[in-house]
Structure formats: C-alpha cells, structure tokens
Amino acid sequence: MGMKDKAGKMQGQAKQKIHEGQQQAQQRGQQAQERGQQAQERGRQTSERGRQNMDDTEQEMQDRFDQDYDA
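Keep in mind the model is a prediction, meaning the values are calculated, not measured. (Residues numbered from 1 in each chain as written. Predicted model: local features only at pLDDT ≥ 70, side-chain atom pairs only at ≥ 80, totals over all residues. Heavy atoms only, no water.)

### Quick look at the overall build of the chain
Point 1. Within the chain, the secondary structure is distributed over 1 helix and 0 strands.
Point 2. Taking 2.2 N^0.38 as the reference for a compact globule, 71 residues should give roughly 11 Å; the C-alpha atoms of the chain span a radius of gyration of 31 Å, well beyond that estimate.
Point 3. Seen through its C-alpha atoms, the chain measures out along the principal axes to roughly 105 × 10 × 5 Å.
Point 4. Across the 71 residues in the chain, those meeting the buried criterion constitute 0%.
Point 5. Of the accessible surface of the chain, which amounts to about 6,900 Å², a share of 48% is contributed by carbon and sulfur atoms.
Point 6. One finds the centroid of the 12 positive side-chain charges in the chain at a distance of 31 Å from the centroid of its 13 negative side-chain charges. (Helix = DSSP H or I, 4+ residues; strand = E, 2+ residues; numbered from the N terminus. Rg over C-alpha atoms; globule rule 2.2 N^0.38 Å. Buried < 20%, exposed > 50% of the residue type's maximum accessible area, 1.4 Å probe, protein only. Areas by Shrake-Rupley, 256 points an atom, 1.4 Å probe, with all protein chains shown as cover. Lys, Arg positive; Asp, Glu negative; His and termini not counted. Charge placed at Lys NZ, Arg CZ, Asp CG, Glu CD.)

In structure tokens form, the structure reads like this:
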C-alpha cells in the first residue's frame, strides 16, 4: 500500500468519524428537546391539578359557609 493510498484511507475514516459524531450530536439534541417537551407537559398537568384543587377548596369553603349560616 502506497503512502497516497494510506493517507486517502485515513482521510476517509476521519470523515466517517466526523459524520458519526454529527449524527450522535443531532440525536442528543433531539432527545434533549423531547425531554424538554415532556417536562413542559408535566408542568402544565401539575398546574392544572393545582387549579382544580383550588377550585375544590373554594367550593368546600363555600359549602361550609352555607352550612354554618343555614343552621
């Protein structure tokens, strides 16, 4: 194998490794984006439950108020 052939082979391998690294970085970016979207959805669900709990509490207070003053 001549020096040119060896250099060409090494250059091809280097380009392949660069390409693989770019693909891996892209996959990591997509995974991070998906995790961010999932966290955002969990946050929405939590705040929705919090609002529901507040509504329940206000209704309970209103019911107690009505009971106390109806008696």
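### Some thoughts on the pattern of salt bridges
Point 1. This structure, assessed with the given rule, holds 2 salt bridges.
Point 2. The partner of E41 in a salt bridge is R44, and the shortest N-O contact between them spans 2.8 Å. With E41 and R44 both in helix 1 (residues 3-70) and 3 residues apart, the pair spans about one turn of that helix.
Point 3. A salt bridge links R64 to E60, with the shortest nitrogen-to-oxygen separation between them at 3.9 Å. You can see R64 and its partner E60 sitting in helix 1, 4 residues apart, about one turn around the helix.
Point 4. Judged by its relative accessible area of 48%, R64 is partly exposed.
Point 5. For E60, a relative accessible area of 41% puts it in the partly exposed group. (Salt bridge = Lys/Arg side-chain N within 4 Å of Asp/Glu carboxyl O.)

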